[in-house]
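Survey of secondary and tertiary structure
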Amino acid sequence: MEPTDRNAAKPRLTHAQWKRRKRLRLARNWAILILVCAAIVALMTKGILWLLPKVNAMLAGPQSFDAASYDGTGYSFDADDERFVLVNTNLPFAEEPSPALADADEASGIQLEAEAAAAYQKMAAAAAEDGIALVLTAGYQDADARSAAYETQKQQYLEKGKTEEEAASLAADIQPPAECNDHGTGYAADILSTDYPTRDTGFDTTRAYEWLTAYAAEYGFILRYPQDRQAATGVVFEPWHWRYVGVENALAIRASGLSLEEFLALQKAS
Ligand SMILES: [Zn+2]
């Protein structure tokens, strides 16, 4: 058999045809190159735009909670404001208070004075939006509940071998006797978080405490027993014990850097 010539059937191109085919190929190759480049640029841009905020968030760390600035203009002190009710070891209740209560936390049924309860709910909802899960662990307590809390605290010191007098004094630093306990006012709220539900000073290292420090005053709550203020309050630092006094009062007290005792004394003196 004769070997077939593959090119035999193919007609030879004229010079003009050959030039035309060359131009077409060149145009096609350029088109492909441009399309591939465009696709690469598009993909890279998309990737960078996707990555940038993530890298940024990683470098910046978690969102920081900063209190809005407050200059105190327009604040007027009202000594008769009921929300200023003050009770401590030197100033026991003259008579057992009977605040108008409302549920501050429906799940637990913990109650606060009605205005404070509404403020707490608003605050907890705002915290949740910032990813902070506040937990209300105590609110209003009647005389029996306050007595029981004090006795439990005192008992713990007696079991540690303290005398009756020592145990009573040590317990009062943390858990005032019934007639001196802020929780009787209905304005006191023990607030912790789902990731730190223990009532100890370690709560002050949490994001929840950072959030409360920045924003609680905007909802009318102040830290009732601040650090280094035991000489004025009679109670050790309790980062979980917040006290409702109303928004304007809370902002003014926080700006003063004073405890409730010191703030009231200063305002009444001026
Ligand atoms: Zn408390």
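Residues numbered from 1 in each chain as written. Predicted model: local features only at pLDDT ≥ 70, side-chain atom pairs only at ≥ 80, totals over all residues. Heavy atoms only, no water.

Looking at an unreviewed UniProt entry, the protein carries the name D-alanyl-D-alanine carboxypeptidase, with the source organism given as Faecalibacterium langellae.

The domain architecture assigned to the protein consists of domain 1 (14–60) and domain 2 (82–141 + 181–269). For domain 1 versus domain 2, the distance between C-alpha centres works out to 62 Å. (Domains from an automatic or database assignment.)

Attention now goes to the coordination of the zinc ion. For the zinc ion, every protein donor is listed as His-183 (NE2), Asp-190 (OD) and His-241 (ND1), and the spread of their distances is 2.0 to 2.1 Å. Mapped onto the sequence, the residues coordinating the zinc ion show the spacing H-x6-D-x50-H. Within this pair, whereas His-183 is found in the loop between helix 4 (164–174) and strand 4 (188–193), its partner His-241 is found in strand 6 (residues 241–244), the two being separated by 58 residues in sequence. On the basis of relative accessible area, His-183 is assigned to the buried category, the value being 5%. (Donors = N, O, S within 2.8 Å, 3.2 Å for Na, K, Ca; no water. Helix = DSSP H or I, 4+ residues; strand = E, 2+ residues; numbered from the N terminus. Buried < 20%, exposed > 50% of the residue type's maximum accessible area, 1.4 Å probe, protein only.)

The next point concerns the sheet that holds strand 5 (residues 221–223). The strands that make up a sheet are held in pairs by hydrogen bonds between backbone atoms, and each pair lies either parallel or antiparallel. The sheet built from four strands is open, its strands ordered 3-4-6-5 with antiparallel pairing. Looking at which strands have only one partner, the edges of the open sheet turn out to be strand 3 (134–138) and strand 5. Direction aside, the axes of adjacent strands within the sheet are offset by 45 degrees on average. Where strand 4 and strand 6 come together, three bridges link them in antiparallel fashion. Pairing of Asp-190 across the sheet is with His-241, part of strand 6. (Pairing = 2+ DSSP bridges. Axes fitted to C-alpha atoms, helices over the stretch in contact; angles between N-to-C directions.)

For the largest pocket, the calculated volume is near 280 Å³. Considering only residue class, the lining of the largest pocket consists of 11 nonpolar, one polar and four charged. In this model, the second largest pocket occupies a volume close to 240 Å³. Taken together, the residues of the lining of the second largest pocket sort by class into 11 nonpolar, two polar and one charged. (1 Å grid on protein atoms, 1.4 Å probe; cavity = no way out; pocket = protein on both sides within 12 Å on 5 of 7 lines; lining within 4 Å. Points joined across faces, edges and corners; volume = space filled by probe spheres on them. Nonpolar A, V, L, I, M, F, W, Y, C, P; charged D, E, K, R; others polar.)

Within the largest apolar cluster, 34 residues are counted, with the highest numbers of intra-cluster contacts made by Tyr-120, Met-123, Leu-134, Ile-191, Trp-211, Leu-212 and Phe-221. Where this core is concerned, the elements lending two or more residues are strand 2 (110–113), helix 2 (114–129), strand 3, strand 4, helix 5 (207–215), strand 5 and strand 6. Here the element with the most residues in this core is helix 2; it accounts for eight residues. Setting aside its immediate chain neighbours within four residues, Met-123 contacts Leu-134, Ile-191, Trp-211, Leu-212, Ala-216, Tyr-219 and Phe-221. The next biggest cluster of nonpolar side chains, apart from the first, holds 12 residues, and it includes Ala-217, Val-245, Ile-253 and Leu-264. (Core = buried A, V, L, I, M, F, W, Y, C linked by side-chain atoms within 4.5 Å. Contact = heavy atoms within 4.5 Å.)

In this model helix 1 (residues 15–60) runs 67 Å from its N-terminal to its C-terminal C-alpha over 46 residues, within 8% of the 68 Å that 1.5 Å per residue would give. At Leu-51, helix 1 is bent by approximately 25 degrees, the largest bend along its length, and proline Pro-53 sits one to four residues beyond. Count one or two residues on from helix 1 and you reach Gly-61, which has phi positive near 80 degrees. (Expected span 1.5 Å × (residues − 1). Bend = angle between axes of the 7 residues up to and from the residue.)

As recorded in UniProt, the feature "transmembrane region" (unreviewed entry) lies at residues 30–52. Span residues 30–52 is 100% helix and 0% strand, its end C-alpha atoms 33 Å apart. (UniProt positions renumbered as here; feature names shortened; annotations may be inferred.)

Our next topic: the pattern of salt bridges. Scanning all chains against the criterion turns up 10 salt bridges. One salt bridge in this structure joins Glu-96 and Arg-146, with 2.8 Å as the shortest N-O distance. Separated by 50 residues along the polypeptide, Glu-96 in the loop between helix 1 and strand 1 (101–105) and Arg-146 in helix 3 (residues 143–159) bring together distant segments of the chain. Since its relative accessible area comes to 1%, Arg-146 is described here as buried. One salt bridge connects Glu-164 with Lys-154, and the closest N-O pair in it is separated by 2.6 Å. With a gap of 10 residues between them, Glu-164 in helix 4 and Lys-154 in helix 3 connect regions that are remote in the sequence. The class of Glu-164 is partly exposed, set by a relative accessible area of 47%. Look at the salt bridges and you will find they share partners, linking Asp-182, Arg-224, Arg-243 and Glu-261 into a network. (Salt bridge = Lys/Arg side-chain N within 4 Å of Asp/Glu carboxyl O.)

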